[in-house]
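Reading the structure
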Amino acid sequence: MTEFSPKAAGSSALGDVAETIDGGDMDCGSGLLLLITRAMRRLEGGQLLGIRSAEPSVVTDLPVWAELVGHQIDAEVAESADGPWWFAVRKVDQLSRPSVFSDGERTPIGRRLWAYTNFDCNLACDYCCAMSSPKAAARRLDAGVAREAFAEFAELGGRELFLTGGEPFMHPELGELIDAGAGLERTLLTNAMIFSRGRRLETLEKLDRSVVLQISLDSATPEVHDRQRGAGSWQKAVDGIGLARSLGFRVRVAATLYGEDPAGADALHERLDGIGIDRADQVIRPVAQEGFADTGLHVSIDTLEPEPTITADGAWWHPVAVTNPNLRIADSPLPLSEVFEVVRDIVSVQDAAERSGREVFRCA
Ligand code: SF4
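My aim in this report is to walk through the structure given alongside it, one point at a time. Every chain's residues receive numbers from 1 upward, in the order its sequence appears when written. Only residues with pLDDT of at least 70 get local features here, since the model is predicted, and only at 80 or more are side-chain atom pairs given and counted; chain-wide, interface and lining totals rely on the full set of residues. Only hydrogens and water are set aside when side-chain values are computed; all heavy atoms of the structure are taken into account.

Stacked, edge-to-face and tilted labels apply to pairs of Phe, Tyr and Trp rings (six-membered ring for Trp) whose centres lie within 6.5 Å, assigned for plane angles under 30 degrees, over 60, and everything in between, in that order. The final tally for this structure, using the stated rule, is 5 aromatic pairs. The interplanar angle of 20° and the centroid separation of 4.6 Å between the aromatic rings of W114 and F162 together place this pair among those described as stacked. With W114 in strand 5 (residues 112–116) and F162 in strand 6 (residues 160–164), this residue pair connects regions lying 48 residues apart in the sequence. As far as the burial class goes, W114 and F162 line up, both buried. Measuring from ring centre to ring centre gives 4.8 Å for Y116 and F119, while their planes differ by 10°; the resulting arrangement is stacked. Residues Y116 and F119 agree in their burial class; the two are buried. When the ring centre of F119 is taken as origin, the NZ or CZ atom of R139, which lies over that ring, is 3.8 Å away. Numbering of helices and strands runs from the N terminus; a helix is a DSSP stretch of H or I covering at least four residues, while a strand is a stretch of E covering at least two. Only protein chains enter the calculation, and the probe is 1.4 Å; a residue is then buried if its accessible area is under 20% of its type maximum, exposed if over 50%, and partly exposed in between. We call a charge positioned above a ring when the Lys NZ or Arg CZ atom is no farther than 6 Å from the ring centre and deviates by at most 35 degrees from the ring normal.

Next comes the structure, spelled out in structure tokens:
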């Protein structure tokens, strides 16, 4: 019989475990995870739990569980080819785990509206959730439809309007679209690369200075940004940020990253601090696995807080998912009241389903 100790595995590769448990023949679905979870509660963040298991499926399932809950498997040692196996799992304190990604806040349904002005773009970024590019169909939002939608939004009590694309400055009537949202807190998302001259510069110069410009910049130096968004795009974005600020606009800078990159995030924050962009106006978000992106954060109607979004030809659950047929909620942007009602209905059904999945076990 195997003595229950990591040392019996003939290895010190497990490191300094704070506690050990023996899972015997249990698999992850039949009690092992409960045993591990109870043991983890007794450990401090950063400490190691030693786990012994004689069940082969645990070799596959335990790493999946660890990734899901955010713990880290530091070592795995097999006593023989047929097991048993030893694992050293490091407890990661979720609350204190730093993330480079900016925190988000839940927005009550009806307060915020997103509108895609168009889908064509001068760039074709490799993570573009809208599948925008110079060749994409423009699918321009009509200025009349925008006026109607934004007026209805204001009447319904809406406050925040975000205009995005594609590259909005490719829409010939961008100024009218933005004017249609007067009275609302307006933010215009842009790559800042094509408004430095001609008609587009005139559009920019005429904009009300209460409009916030959210400009994409993925890194402090060109390497990451240009790799993700196209050669030479970093310098043009930096120039665009400078131009917008020189014209008196409040600029929010948004970066999109494939994964946690603390050094890259720190460098970007430092650069933006250096040019006087407030920390509240520095946003770092993960790539969503939508559109052109074949990796990234998986999103679905069950995992994504709704932020209703209209396009020329429909309405969607969230702006990051406007190419995902499963997140399309209407075939027309109007009437907006119907769009919000559909979203509210879905949220009520989700809430009810969550409640009904739990039994009430009455003891008194
Ligand atoms: S991410 Fe933005 S800038 Fe890049 S292709 Fe998509 S719409 Fe254009």
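Now that the structure is up, let's keep going.
With respect to the helices and strands, the residue D218 is situated in the loop between strand 8 (212–216) and helix 6 (222–229). The charge count includes Lys and Arg as positive and Asp and Glu as negative, but it does not include His or the ends of the chains. Here, a salt bridge means any side-chain nitrogen of Lys or Arg that lies within 4 Å of a carboxyl oxygen of Asp or Glu. No salt bridge is formed by the buried D218; its nearest oppositely charged neighbour, R229, is found at 4.3 Å. In terms of polar contacts, D218 uses its side chain to reach the backbone amide nitrogen of T256, at 2.9 Å. In this view, D218 contacts Y127, H225, Q228, R229, A254, A255, T256, L257 and L268; residues no more than four positions away in its chain are not counted. Identification of polar contacts relies on pairs of N or O atoms within 3.5 Å, with a donor-acceptor requirement for protein atoms, meaning one able to donate a hydrogen and the other able to accept it, and with residues adjacent in sequence counted only if both atoms are side-chain atoms. Whether two residues are in contact is decided by their heavy atoms, any of which lying within 4.5 Å being enough.

Here, proximity means that at least one heavy atom of the residue falls within 4 Å of the molecule or strand. Around the ligand sit C121, L123, A124, C125, C128, S132, G165, G166, N191 and R229, and that is every residue in its neighbourhood. Nonpolar residues are Ala, Val, Leu, Ile, Met, Phe, Trp, Tyr, Cys and Pro. Charged residues are Asp, Glu, Lys and Arg, and all others, Gly as well, are polar. Partitioning the shell around the ligand into residue classes produces 5 nonpolar, 4 polar and 1 charged.

This next bit is on the sheet that holds strand 1 (residues 17–22). Across the sheet, 4 strands lie side by side as 1-2-4-3; this open sheet has mixed pairing. Looking along the sheet, the strands with just one partner apiece sit at the ends: strand 1 and strand 3 (72–78). When the angles between neighbouring strand axes are averaged without regard to direction, this sheet yields 20°. One requirement defines pairing of two strands: DSSP has to find at least two bridges between them. The pairing of strand 1 with strand 2 (residues 48–53) spans 5 bridges and is classified as parallel. Only the stretch in contact is used when a helix axis is fitted, and all axes are lines through C-alpha atoms; the angle between N-to-C directions ranges over 0 to 180 degrees.

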